[in-house]
Amino acid sequence: ERGAPLSELELFDPVEWELVTAEVRTDSGKFVNSTWTRVIQSEKWWVVIGFNDTIETLFSSEKEGRGPDIICSGEFYEYVSEVNRLLNSSS
């Protein structure tokens, strides 16, 4: 209903999208969802993908999306990185 390019999501290729954020639980450091952007036909589209590749939302916006709550370094960032490394090594 938003005129979304659903065909671009059917075979989602992360190489063609830019990862904007990855949201994790503060207690376990485990994945909650990730947000990606891509320009398609001169329009910037945002997609939020949750656990088990569930599309939570898809919308068009020119916003930048990086707010003051985004953590890109530090103790919590390292904690999440270690949790991710351990999860990936066990699969």
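Here, every reference points to the structure presented above.
Residues numbered from 1 in each chain as written. Predicted model: local features only at pLDDT ≥ 70, side-chain atom pairs only at ≥ 80, totals over all residues. Heavy atoms only, no water.

Right, let's talk about the packing of aromatic side chains for a bit. Overall, the coordinates contain four aromatic pairs when judged by the stated rule. Ring geometry for Trp-46 against Phe-59: centres 6.1 Å apart, planes inclined by 5°, an arrangement best described as stacked. A residue pair is termed long-range when its members are at least 10 positions apart, and Trp-46 in strand β3 (residues 43–50) and Phe-59 in strand β4 (residues 55–60) qualify at 13 residues. Here the aromatic cluster, defined as three or more aromatic residues joined through ring pairs, consists of Phe-12, Trp-17 and Trp-36. (Phe/Tyr/Trp six-rings, centres within 6.5 Å; stacked < 30°, edge-to-face > 60°. Helix = DSSP H or I, 4+ residues; strand = E, 2+ residues; numbered from the N terminus.)

Here we come to unusual backbone geometry. A positive phi is found at Gln-41, a non-glycine position, where the angle reads about 50°. Here Gln-41 is to be found in the loop between β2 (31–40) and β3. One non-glycine residue with positive phi stands out, namely Ser-42, at about 65°. By the secondary structure assignment, Ser-42 is in the loop between β2 and β3.

Moving on: the nonpolar core. If you look at the biggest cluster of nonpolar residues, it comprises eight residues: Leu-9, Trp-17, Trp-36, Ile-40, Trp-45, Val-47, Ile-49 and Leu-58. For this core, the secondary structure elements donating two or more residues are β2 and β3. Sorting elements by how many residues they give to this core places β3 first, with three residues. (Core = buried A, V, L, I, M, F, W, Y, C linked by side-chain atoms within 4.5 Å. Buried < 20%, exposed > 50% of the residue type's maximum accessible area, 1.4 Å probe, protein only.)

A separate point is the sheet that holds strand β1 (residues 18–24). Pairing is antiparallel across the open sheet formed by four strands, whose spatial order is β1-β2-β3-β4. If you trace the sheet from one side to the other, it starts and ends with β1 and β4, each paired once. When strand polarity is set aside, the average angle formed by the axes of neighbouring strands in this sheet is 15°. (Pairing = 2+ DSSP bridges. Axes fitted to C-alpha atoms, helices over the stretch in contact; angles between N-to-C directions.)

Both β3 and β4 contribute to a ladder of five bridges, which runs antiparallel. Its bridge partner being in β4, Val-48 is matched across the sheet by Thr-57. Connecting the antiparallel pair β3 and β4 is a turn made up of four residues, with Asn-52 showing a positive phi of about 60°.

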